[in-house]
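The primary structure of each chain is shown beneath.
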Amino acid sequence: MVQLSVVVPCFDESEVIDAFHTALLAALVPAHVSFEICYVDDGSSDRTVEHLRALAAADPRVRYTSFSRNFGKEAALLAGMRAAKGAAVVLMDADLQHPPELVPRMLELHRQGYDQVVAQRDRTGEGAVRKAFSRAYYRLVRRFMDVEIADGAGDFRLLSRRAVECLLALPESNRFSKGLFSWIGFDTVSFSYRNVQRAAGSSKWGGRRLLNYGIDGLLSFNTRPLRLAIHAGLWLFLSAVLYALWIVANAALDGVETPGYATLITAITALGGIQIAILGVIGEYVGRIYHEAKRRPHYVVRETDRSAAPVRRPER
Ligand code: UDP
Ligand code: MG
């Protein structure tokens, strides 16, 4: 059994993949561990897969899986973990934002008995707006989620074999890894490192994608937003009843005046807004149930290092 598998999701990374591979080898070879590198090409539209084919042909320690289209980083991580055979598995990005030279340190901590070793990045060099948003987001998450996730503690981590087996056993199709890592538990240790900019290529996380990722995170782990919606609805109903009583009392004492359209319209729009928001929350959960009920595979594999010929069935 190999001691270490490194899982690397790649989406349009042809510009950095070779540099990454060289840097990773430079970090792993002196560490005296037996290792394999499991690349996952997440349906790249550039020449990423050709680079992977070449790397795998040149080195038996390199393996790869290539998807039929872009299925997202979560799916790529899952495929990588399924392929990994190592006693420990490290998940890392291909863009050199996760410094390979930290891997030996993670292994060292793993040997001390930790099942999860997290390399936590700080936020140096990030825009002020993005920083502020992520701070606010993590505060929100801490309030609403049943699992603990720390700011900057992303996917760059080492997992023991049993932690990986636990993750693979989780059946949900809507995977929010940051939450799942925390949900499985086990002894976890983290250390922080200085944030680095992407070596080349561009980030695939625009504002919209980040917002959707954030919503996924909040909704993946509990139904508390639904509860919040019910509370808001109840309070609104109560205040509406009080308001109605007040109007009746007013009418009884002073007779009926011409009603104010402004207040009416305000009330209607406010209520309408709240109802739509609540419906949205409910819809999200129903959508999730629908999604899970279909039991579709997380991804479709086009080719792997073992079968350069196209494989037209989902890997189980
Ligand atoms: N990635 C992926 N599928 C996607 C988007 C990203 O496999 O749909 C990979 C990407 O190749 C990289 C890692 O996930 O190795 C992190 O992506 P990126 O650097 O774009 O994210 P950021 O560092 O900006 O959060
Ligand atoms: Mg990156």
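None of these values were measured; they are calculated from a predicted model.

> Please clarify how the sheet that holds strand E6 (residues 157–160) should be interpreted in this entry.
Strand pairing in a sheet is mediated by backbone hydrogen bonds. Such pairs are either parallel or antiparallel. If you trace the eight strands from one edge of the open sheet to the other, you get E7-E5-E6-E4-E1-E2-E3-E8, paired in mixed fashion. The strands lining the two open edges of the sheet, one partner per strand, are strand E7 (188–193) and strand E8 (301–304). Strand-to-strand twist of the sheet, defined as the mean angle between neighbouring strand axes without regard to direction, takes the value 20°. Summarising the sheet, strand E1 (residues 4–10) and strand E4 (residues 88–91) pair through four bridges and their orientation is parallel. In the strand pairing of E4, Val7 is matched with Leu91. Helix-sheet contacts for helix H3 (residues 73–83) involve E1, strand E2 (35–41), strand E3 (62–67) and E4, and the interaxial angle to E1 is about 155°.

> Would you take a moment to explain the site of ligand 1 for this structure?
As a structural note, the neighbourhood of ligand 1 is formed by 17 residues, with Pro9, Phe11, Asp42, Asp93 and Ser203 the closest of them. Sorting the residues of the shell around ligand 1 by element identifies E1 and H3 as the ones contributing at least two each. Its residues assigned to classes, the shell around ligand 1 comprises six nonpolar, four polar and seven charged.

> Is there a simple way to think about the environment of Asn222 in this case?
With respect to the secondary-structure elements, Asn222 resides in the loop between helix H8 (207–220) and helix H9 (224–254). The class for Asn222 is partly exposed, based on 14 C-beta atoms found within 10 Å. Distance from Asn222 to Phe237, taken between C-alpha atoms, is 25 Å for residues 15 residues apart in sequence.

> In this structure, what is going on with the UniProt feature "transmembrane region" (unreviewed entry) in the protein chain? I would like to understand it.
The feature "transmembrane region" (unreviewed entry), as given by UniProt, occupies residues 228–249 and 261–286 in the numbering adopted here. The distance separating the terminal C-alpha atoms of residues 228–249 is 32 Å; by composition the span is 100% helix and 0% strand.

Criteria and cut-off values
- Residues numbered from 1 in each chain as written.
- Chains lettered and ligands numbered in written order.
- Predicted model: local features only at pLDDT ≥ 70, side-chain atom pairs only at ≥ 80, totals over all residues.
- Pairing = 2+ DSSP bridges.
- Helix = DSSP H or I, 4+ residues; strand = E, 2+ residues; numbered from the N terminus.
- Axes fitted to C-alpha atoms, helices over the stretch in contact; angles between N-to-C directions.
- Contact = placed C-beta atoms within 7 Å.
- Near = placed C-beta within 6 Å.
- Nonpolar A, V, L, I, M, F, W, Y, C, P; charged D, E, K, R; others polar.
- Buried ≥ 20, exposed ≤ 12 C-beta atoms within 10 Å, placed from the backbone.
- UniProt positions renumbered as here; feature names shortened; annotations may be inferred.

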